[in-house]
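# A look at the structure
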Amino acid sequence: MKVSKTVTQRLEDPRLFRQYAYVDGRWTHGDAGREEAVTDPATGEVLGHIPWLEADQIHSAVDAADRAYVQWRALRVDERAERLLAWYDLIQAHREDLAILMSLEQGKPLPDARGEVEYGASFIKWFAEQAKRTFGETIPSHIPNAALGTLKEPIGIAALITPWNFPLAMITRKAGAAMAAGCPVIVKPAGETPFSALALAELAERASIPAGVFNVVLGEAAEVSSILCKEERVKALSFTGSTRVGRLLLEQCAGTVKRVSLELGGNAPFIVGPDMDPREAALSAVSAKFQTAGQDCLAANRILVHESIHDAFVEHFAERMAALTVGNGLHSEVDLGPLIHAQAVEKASSIVDDAISQGATLVAGDQSAAPGPNFFMPVLLTGVTREMQIWREENFAPVAGITAYRDDDEAIAMANDTEYGLAAYVYTHDIRRIWKLLRALEFGMVSVNSVKMTGPPVPFGGVKQSGLGREGGVSGIDEYLETKYYCLGALGSVSGS
Ligand code: NAP
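Thresholds, definitions, all that
- What you see as residue numbers is a count from 1 along each chain, following the sequence as written.
- Given that this is a predicted model, residues contribute local features only at a pLDDT of at least 70 and side-chain atom pairs are listed and counted only at 80 or more, while totals for whole chains, interfaces and linings are drawn from all residues.
- The side-chain quantities take in all heavy atoms of the structure and omit both hydrogens and water.
- Only strands joined by at least two bridges in the DSSP assignment are considered to pair.
- Counting from the N terminus, the helices are DSSP H or I runs at least four residues long and the strands are E runs at least two residues long.
- Definition of nonpolar core: a set of buried residues of the types Ala, Val, Leu, Ile, Met, Phe, Trp, Tyr and Cys, connected through side-chain atoms within 4.5 Å.
- A 1.4 Å probe rolled over the protein chains alone gives each residue an accessible area, and that area as a share of the maximum for its type sets the label: buried under 20%, exposed over 50%, partly exposed in between.
- Any two residues whose heavy atoms approach within 4.5 Å at even a single point are treated as in contact.
- Under this scheme, a helix contributes an axis fitted over its contacting stretch, all axes are lines through C-alpha atoms, and angles between N-to-C directions fall in the 0 to 180 degree range.
- Being near a molecule or strand, for a residue, comes down to having at least one heavy atom within 4 Å of it.
- Think of a polar contact as two N or O atoms within 3.5 Å of one another; within protein, one of them needs to be a possible hydrogen donor and the other a possible acceptor, and neighboring residues in sequence only count if both atoms come from side chains.
- For the area figures, the Shrake-Rupley method with a 1.4 Å probe applies, and any residue is considered shielded solely by the protein chains shown.
- In this classification, the charged set is Asp, Glu, Lys and Arg, the nonpolar set is Ala, Val, Leu, Ile, Met, Phe, Trp, Tyr, Cys and Pro, and all remaining amino acids, among them Gly, are polar.

Time to look at the sheet that holds strand β20 (residues 481-488). Within a sheet, each strand pairs with its neighbour through backbone hydrogen bonds, oriented either parallel or antiparallel. Read from one edge of the open sheet, three strands run β5-β6-β20, paired in antiparallel fashion. Whereas interior strands pair on both sides, the edge strands pair on one side only; in this sheet they are β5 (138-139) and β20. Relative to β20, strand β6 (residues 147-154) is paired through eight bridges, and the arrangement is antiparallel. Counted as the bridge partner of T150 is Y485 from β20.

A few words on the nonpolar core. Membership of the largest hydrophobic core comes to 94 residues, with the highest contact counts inside it found for W87, M179 and F214. Of all the elements, helix α5 (residues 110-130) adds the most residues to this core, at ten residues. Beyond its immediate chain neighbours, meaning those up to four positions away, M179 contacts W72, R80, L84, W87, V185, I209, V213 and F214. Counting 70 residues, the second largest nonpolar core, distinct from the first, contains V286, F317, A355 and A424.

Attention now moves to the sheet that holds strand β16 (residues 399-405). An order of β14-β15-β16-β13-β12-β17-β18 is seen for the seven strands of this open sheet, with the pairing classed as mixed. The open sheet is flanked by β14 (361-364) and β18 (445-448), the only strands paired with a single partner. Put simply, the sheet's adjacent strands are angled 25 degrees from each other on average, direction ignored. Here four bridges tie strand β13 (residues 300-306) to β16, and the two strands are oriented parallel to one another.

Around the ligand lies a shell of 31 residues, among which T162, K188, S242, L264 and E394 are the nearest. W164 places a polar side-chain atom, nitrogen or oxygen, 3.0 Å from an oxygen atom of the ligand. Within the contact set of the ligand, a nitrogen atom lies 3.1 Å away from a side-chain nitrogen or oxygen of S225. Taking 900 Å² as the accessible area of the ligand by itself, protein coverage stands at 86%. Those elements that place two or more of their residues in the shell around the ligand are α6 (169-181), α8 (221-230), β10 (234-240) and α9 (243-254). Residues belonging to the shell around the ligand are distributed by class as follows: 17 nonpolar, nine polar and five charged.

The phi torsion at K464 lies on the positive side, around 50 degrees, for a residue other than glycine. The topology assignment puts K464 in the loop between β18 and β19 (467-468).

Scope: geometric values only; no functional claims are made or implied.
What follows is the structure, given as structure tokens:
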């Protein structure tokens, strides 16, 4: 086994750094003819290697999950909850190591990585508790001498395919719900960030999660995903990633009529009302834009500011943006880490060039100051219009685009002018404006006067082409449950009824 000293020397518990897939409670290299290097996006340094499993090994993971399902679903719900809480405790106990691993493979600043570990762990705890409340119903009977009701039962094996921007939380938000419901899971993490997933597997093993209940497979994305989507024994697919790949997976799942949950791209509007203090709103907008260097499905992608405060807002935004420090996420005082790879930097540049060529003004953003090839300095553009790429696409980069609007109706029309519908931000203290926008915005989540909106108790998800289903909240566990209706007939009449 090749052990990267860069990684292990930094960890208090070096065994959290695994360079194997995890299937059926075993660490496996498979027959891997092929290995892939995983690099630190900040330095380009190779952190380690992962095996790419062959098709038959992906099928073996399904076999293992199928065997484990019998035992896992049969556990009493409080027993399942205990295992999940043990896993939660271990994640908490190793949060610093998990944050370092994440920062190394993803690039995000260490404080953000610590926040993600907390956030990710909180879903396991919440769903462990919520599993105890997956109640069925008693239905008043319309059939003579019958009792009617519903049972909630686990759906079966769930395949979880996740992106690189939140390498830990996107797994636990799904796996916490699925495993609490009684479903074994097969996780396919993003190729750029497998080590967070594998550290979770190591901790699941230590928490005595039975073999086959939590599996991590690695390999060529299209091949692995296609096997999992077409496998009849896999009953649910939960995917977080781009809308492009989400559409593809939805098609592949049609053949076996799977339950499909999709958390896809966003193109969030950030609407600032005329009554707002421009400075207060600008500080929040900077925070909503530059988290994870803009590589966040909730990032404020189109900032819409009332014309009466536009210029003051731009000034405050530029001032705050200039104070952001770009650098290696492991260094202190860094606000923005690198982008995930060179293609992301190229895309960011092309979005900026496209906007400028169509008349946008570059207020700030000097790329000569970038501290390395994968870094992109924050950019501020004004005069952004609907024809520009930055408006139509999720830019997934630290590029902020501002547009002035005249009135609420124009702001609503602008905000809804997208195929996406994940999240929207509204900044105003006018209650009538708040209510109007809240009702009119075609987004699954609307946050008013708050950048922070997510967490275990809330239903996270989008409308339009931002996805299907919800993660978190009471409805999050329903993605992994079937409702079985029962009719108990010929019971005889009960005297007095
Ligand atoms: P992506 O390219 O769609 O990749 C996501 C996952 O799909 C990865 O595991 C990837 O594997 C796999 N994949 C890639 N190409 C595939 C293919 N042809 N067939 C099957 N699987 C494939 O997305 P990303 O660039 O990692 O993540 C960014 C996207 O995620 C953004 O659009 C963002 O908005 C979205 N996102 C949404 C949410 C939400 O909750 N709505 C949260 C976070 C991110 P490999 O890495 O191995 O290629």
